[in-house]
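What follows is the residue order along each chain.
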There are 2 protein chains.
Amino acid sequence: MPGNIRNLAMEKVASTVLFPCKFSTSGCQVTMLHTDKGDHEEACEYRPYSCPCPGASCKWQGALEQVMPHLLNQHRSITTLQGEDIVFLATDIALPGAVDWIMMQSCFGHHFMLVLEKQEKYGDELQQFFAIVQLIGTRKQADNFAYRLELSGHRRRLTWEATPRSIHEGVSSAILNSDCLVFDTSIAQLFAENGNLGINVTISIYVLIYFELERHSPFPLAKYVWLC
Amino acid sequence: MPGNIRNLAMEKVASTVLFPCKFSTSGCQVTMLHTDKGDHEEACEYRPYSCPCPGASCKWQGALEQVMPHLLNQHRSITTLQGEDIVFLATDIALPGAVDWIMMQSCFGHHFMLVLEKQEKYGDELQQFFAIVQLIGTRKQADNFAYRLELSGHRRRLTWEATPRSIHEGVSSAILNSDCLVFDTSIAQLFAENGNLGINVTISIYVLIYFELERHSPFPLAKYVWLC
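Keep in mind it's a predicted model, so treat the numbers as computed, not measured.

1. Things to note about the overall build of chain A
Working step 1: In terms of regular secondary structure, chain A is built from six helices and 14 strands.
Working step 2: Classification of the 228 residues of chain A by burial places 27% in the buried group.
Working step 3: The long-range fraction of contacts in chain A, counting pairs at least 24 apart against all pairs at least 6 apart in sequence, stands at 54%.

Structure representation (structure tokens):
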């Protein structure tokens, strides 16, 4: 079929031509080979931000600076707590079906969105909870922080520490890959009180220290240390 | 049917008679009402210890003092590491089917058995890992310790802290209730290197501190603090 005949001459031209980013009208000045356009545009800082509320019900898109005004105007029910160290209280965790709990945390001059998502799998045999933190900011800004989520009970503690996601990439792929705090209903019940689950959330500045343990050590030389 | 007719006179007699523990021949001197026998005998320190290796393949039973000699003689392949802070390296975690990894850790004059168990659920759709520590000792001795299991990767860390189980109660009920470190294959892959998963294990003496935050505080007054 004619559509499958390759135009090698045109391909050769295309492989040397630099194309503008599709967000050039928003301010991006990058030009690139067409083979690089997909990756760039997915990560391009001029790509509009979507509403960071989990679940795809809100279709809003806009600039980063407009995200907080959008949340404050259109999602007024979201609670905000101030401080680096707060408690994210998820009420009625036994509610059936898929449920999202959301809260905002403000510290270090930034706004973080805390998300707890409950999913049902294998019919409704397995209920899994996923907890994660995303920064209302760019990926580069998110890399400057670390977060800790902690479930604490009688002589038991479950802790997850990681880098916040930027709302530009969102949390859905992290939840899909279990790259967040994951726990099932049994664990939720171990730590819940009266059907409510308190998650201690601590945001900190991420500090990377590189230890060269021994110059001639047979072991990997880099060791990452968290200072939270 | 005659078997269902209650002998109320005999029941009244039985409710006042004290029975000896069925482990009296092993040294238990407790006597109790027949209604209390079940609970006591399950927890009775004179009840023989079973082999603590997970999976029910070894049917050995004996006194607490005989457990370590049994392990050393009959389960020679189990590695032992000395120290409070060691790495439990589980190799080939992608092996199909249900698999147990076991290691011994010796510190504070005691022996601890580290168990990592992989289970397949919902056909083989979900693979879950359960990691837990049990003390070769009594429940009372186990209460004096705390353990921490830690998966550590690039800017990610998952930590579980709890009280070791005594081998007298075993780990199966804790695993069944997810009262241990639970993670799925995606998380295992996040932290594994070349198919092997290193779990940092730290044993510590458990210290309980009771803070009376404020005498007239509206919040619960007790707060448990871990000193690990």
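2. Thoughts on the interface of chain A and chain B
Working step 1: On the chain B side, the residues contacting the 23 residues of chain A number 23 residues.
Working step 2: Those elements giving two or more residues to the side of chain A that touches chain B turn out to be β11 (156-162), β13 (181-184) and α6 (185-191) of chain A.
Working step 3: Here the side of chain A that touches chain B gets seven residues from one element, more than from any other, and that element is β11 of chain A.
Working step 4: Residue composition of the side of chain A that touches chain B, by class: ten nonpolar, six polar and seven charged.
Working step 5: The pairing of β11 of chain A with strand β11 (residues 156-162) of chain B spans five bridges and is classified as antiparallel.

3. Brief notes about the sheet that holds strand β14 (residues 197-205) of chain B
Working step 1: Spatially, the eight strands line up as an open sheet ordered β6(A)-β14(A)-β10(A)-β11(A)-β11(B)-β10(B)-β14(B)-β6(B), and their pairing is antiparallel. A single partner strand is all that each edge strand has here, and the edge strands are β6 (85-90) of chain A together with β6 (85-90) of chain B. Going across the sheet, the axis of each strand differs from the next one's by a mean of 20 degrees, ignoring polarity.
Working step 2: In this structure, strand β10 (residues 145-153) of chain A lies alongside strand β14 (residues 197-205) of chain A, joined through six bridges in antiparallel fashion. Residue pairing across strands places R148 of chain A opposite T202 of chain A, the latter belonging to β14 of chain A.

4. Focus on the environment of Q29 of chain B
Working step 1: One can find Q29 of chain B in the loop between β1 (19-20) and β2 (31-32).
Working step 2: In this structure, the C-alpha to C-alpha distance between Q29 of chain B and Y46 of chain B, residues 17 residues apart in sequence, is 9.8 Å.

5. Overview of unusual backbone geometry
Residue and element names in this part refer to chain B.
Working step 1: Positive phi values are uncommon outside glycine, yet D92 reaches one of about 55 degrees.
Working step 2: In this structure, D92 sits in the loop between β6 and β7 (99-107).
Working step 3: In the Ramachandran plot, R155 falls in the positive-phi region, its phi being about 55 degrees despite a non-glycine side chain.
Working step 4: Among the secondary structure elements, R155 is positioned in the loop between β10 (145-153) and β11.

6. Section: the relation of the copies chain A and chain B
Working step 1: Expressed as a screw transformation, the operator carrying chain A onto chain B has a rotation angle of 180 degrees and an axial translation of 0.0 Å, and the superposed copies differ by an RMSD of 0.1 Å. Within this description, the copies of the chain are treated as partners about a two-fold rotation axis. When C-alpha distances to the rotation axis are compared across chain A, the minimum falls at T159 of chain A, with a value of 2.5 Å.
Working step 2: Interface overlap between copies: 100% of the residues of chain A at the interface are likewise at the interface in chain B, consistent with a symmetric, same-surface contact.

7. A closer look at the environment of A131 of chain B
Residues and elements named next belong to chain B.
Working step 1: By secondary structure assignment, the location of A131 is in strand β9 (residues 126-135).
Working step 2: With 17 residues separating them along the chain, A131 and L114 place their C-alpha atoms 7.5 Å apart.
Working step 3: When neighbours within four sequence positions are excluded, A131 is seen to be in contact with V115, L116, L149, C180, L181 and I199.

8. Concerning the nonpolar core
In summary, soluble globular proteins display a tendency toward joint burial of nonpolar side chains.
Working step 1: L114, A131, I199 and V201 of chain A together with L114, A131 and I199 of chain B are the most contacted members of the largest nonpolar core, which has 88 residues in total.
Working step 2: Ignoring any residue separated from it by four or fewer positions in sequence, one finds L114 of chain A in contact with F88, I102, M103, Q105, V133 and V201 of chain A.

9. Some details on the environment of G195 of chain A
All names here are of chain A.
Working step 1: Looking at the secondary structure, you find G195 in the loop between α6 and β14.
Working step 2: The spacing of G195 and T91 is 104 residues in sequence and 6.6 Å in space, taken between C-alpha atoms.
Working step 3: Those residues in contact with G195 that sit more than four places away from it in its chain are D92, I93 and A94.

10. A word on the confidence of the model for chain A
Residues and elements named next belong to chain A.
Working step 1: Model confidence for chain A is summarised by a mean pLDDT of 87, while 89% of its residues fall at 70 or above.
Working step 2: Of all the helices and strands in chain A, helix α1 (residues 8-14) carries the lowest mean pLDDT, 79, while β6 carries the highest, 97.
Working step 3: The low-confidence segment residues 211-228 (pLDDT under 50) makes 19 contacts with residues lying over four places distant or belonging to another chain.
Working step 4: Predicted complex metrics record ipTM = 0.83 and pTM = 0.84.

Analysis parameters
- Residues numbered from 1 in each chain as written.
- Chains lettered and ligands numbered in written order.
- Predicted model: local features only at pLDDT ≥ 70, side-chain atom pairs only at ≥ 80, totals over all residues.
- Helix = DSSP H or I, 4+ residues; strand = E, 2+ residues; numbered from the N terminus.
- Buried ≥ 20, exposed ≤ 12 C-beta atoms within 10 Å, placed from the backbone.
- Contact = placed C-beta atoms within 7 Å.
- Nonpolar A, V, L, I, M, F, W, Y, C, P; charged D, E, K, R; others polar.
- Pairing = 2+ DSSP bridges.
- Axes fitted to C-alpha atoms, helices over the stretch in contact; angles between N-to-C directions.
- Least-squares fit on C-alpha atoms with pLDDT ≥ 70 in both.
- Core = buried A, V, L, I, M, F, W, Y, C linked by C-beta atoms within 7 Å.
- pLDDT = per-residue confidence, 0-100.

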